[in-house]
Amino acid sequence: IIAVHIFFLPVKITGRLRSSIKDLLMVKIWWGLIGVSVSISAGGIATFYLYSIRVKEFSITEREDSSGDAVKESGEEEKNDLELEQLFSFIDQAPAFFSQFSFDRLRVDMRIGLGDPCDTGFVYGVLSALKGLLYCQERFELNAVPVFETEAFDIDIEASFRIKRLWRFIPIIIRFIRIGRSGEPGRIRRKKKGAASL
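Every chain begins its residue count from 1, and numbering advances along the sequence as written. pLDDT decides what is reported in this predicted model: residues at 70 or higher carry local features, side-chain atom pairs at 80 or more are listed and counted, and totals for whole chains, interfaces and linings draw on all residues regardless. Hydrogens are left out, water is left out, and the side-chain values use all remaining heavy atoms of the structure.

A look at the overall build of the protein
Per the convention used, a helix needs a DSSP run of H or I reaching at least four residues, while a strand needs a run of E reaching at least two, with both numbered from the N terminus. Summing up its helical and strand segments, the protein has five helices and eight strands in all. Traced from its N-terminal end to its C-terminal end, the protein shows the element sequence α-β-β-β-β-β-α-β-α-β-β-α-α. Type-normalised accessible area, obtained with a 1.4 Å probe on protein chains alone, sets the label of each residue: buried when under 20%, exposed when over 50%, and partly exposed for intermediate values. Looking at the 198 residues of the protein, the share that counts as buried comes to 22%. Expressed as a percentage of contacts within the protein between residues at least 6 apart in sequence, the contacts between residues at least 24 apart total 58%. The contact criterion used throughout is that any non-hydrogen atoms of two residues lie within 4.5 Å.

Written out as structure tokens, the structure reads:
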């Protein structure tokens, strides 16, 4: 079963962004028989689901460390150099990472009102023209509702992707993890520099 999942079954990823305080962002992942999802509220509360069962709820907001003001000045420059080397390594691996994704669908629903009927009508006309251009594209869907009475802005964006060949994607993830943990390029350069100074 594991081999079938890795070599034959695609991974389907759906992300949904809404102007809602309760469910600001939701990401669903389906991989054969496995289905998980994560919902993030505007307050920074994340909820993890296995299928439709809520498994865990936790906060993703950063907590201020009591000793955050006491920063070690020694080695700070060395740490920044290491992070810069890691950043370049991530950028080098990014094309291989995104090449494994295929785009399925993008849907945008919005409700917009600028307070002025003329401005609202103008923006709605532009969106209607854009919707006409995307009419022949089955993977794109744009729906806009004007609100002339008052100011309003509600948006719901849903995008779907898939990874067709997971076995090609796994080595890229392993390389990302190794770069993030070790940062070997920066360390090698500093060792060579130290050896030359000796």
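There's more to say after this.
A closer look at the side chain of Asp-156
Counting through the fold element by element, Asp-156 comes out in strand β8 (residues 151-163). What makes Asp-156 buried here is its relative accessible area of 12%. In protein, a polar contact means a hydrogen-donor-capable atom and an acceptor-capable atom, both N or O and within 3.5 Å, with residues adjacent in sequence counting only if both atoms are side-chain atoms; elsewhere, any N or O pair within 3.5 Å suffices. Among the polar contacts listed, one links the side chain of Asp-156 to the side chain of Arg-16, at a separation of 2.6 Å. Apart from the residues lying within four places of it in its own chain, the contact partners of Asp-156 are Arg-16, Leu-17, Arg-18, Arg-107, Val-108 and Asp-109.

Some words on a nonpolar patch on the surface
Taken together, the side chains of Ile-1, Trp-30, Leu-33, Ile-34, Leu-50, Tyr-51 and Val-55 make up a nonpolar region of the molecular surface, amounting to roughly 740 Å² of accessible area. Within the element layout of this structure, Tyr-51 appears in the loop between β4 (45-50) and β5 (53-59). On the accessibility criterion, Tyr-51 (42% relative accessible area) is partly exposed. Like charges are joined within 9 Å and nonpolar side chains (Val, Leu, Ile, Met, Phe, Trp, Tyr) within 5 Å, but only among residues with over 30% relative accessible area and no salt bridge; these make up the patches. The accessible surface values rely on the Shrake-Rupley method and a 1.4 Å probe; as for residues, cover is taken only from the protein chains in view. Think of a salt bridge as a Lys or Arg side-chain nitrogen and an Asp or Glu carboxyl oxygen that are within 4 Å of each other.

Notes on the packing of aromatic side chains
When two rings of Phe, Tyr or Trp (its six-membered ring) have centres within 6.5 Å they constitute a pair, described as stacked for plane angles under 30 degrees, edge-to-face for angles over 60, and tilted for the intermediate range. With the rule as written, the count across this model stands at three aromatic pairs. Where Trp-30 meets Tyr-51, the ring centres are 6.0 Å apart and the plane angle is 55 degrees; that geometry is what we call tilted. Of this pair, Trp-30 sits in strand β2 (residues 25-31) while Tyr-51 sits in the loop between β4 and β5, and the two are 21 residues apart along the sequence. Looking at Trp-30, the relative accessible area reads 41%, which means it is partly exposed. Consider the rings of Phe-103 and Phe-161, whose centres lie 5.8 Å apart with planes at 65 degrees: the pair is edge-to-face. You can see Phe-103 sitting in strand β6 (residues 101-114) and its partner Phe-161 sitting in strand β8, a full 58 residues away along the chain. Judged by relative accessible area, Phe-161 falls into the partly exposed class, the value being 33%.

Examining the pairing of β4
Relative to β4, strand β3 (residues 34-40) is paired through five bridges, and the arrangement is antiparallel. Counted as the bridge partner of Val-36 is Leu-50 from β4. Each pair of strands is called paired provided DSSP finds at least two bridges between the two strands. Between β3 and β4, which pair antiparallel one after the other, the connecting turn spans four residues, and Gly-44 there sits at a positive phi close to 85 degrees. Count of turn residues in the β4/β5 antiparallel hairpin: two residues, of which Tyr-51 carries a positive phi of about 60 degrees.

Comments concerning the sheet that holds β4
With mixed pairing, eight strands are arranged side by side in an open sheet as β5-β4-β3-β2-β1-β8-β6-β7. Strands at the two margins of the open sheet, each flanked by one partner only, are β5 and β7 (140-146). The average angle at which neighbouring strand axes cross in this sheet is 10 degrees, direction not considered. Of the pairings in the sheet, the one linking β4 to β5 comprises six bridges and is antiparallel in character. Each residue of the ladder has a partner; that of Tyr-49, found in β5, is Arg-54. Helix axes use the C-alpha atoms of the stretch in contact, all axes being lines fitted to C-alpha atoms, and the angles between their N-to-C directions lie in the range 0 to 180 degrees.

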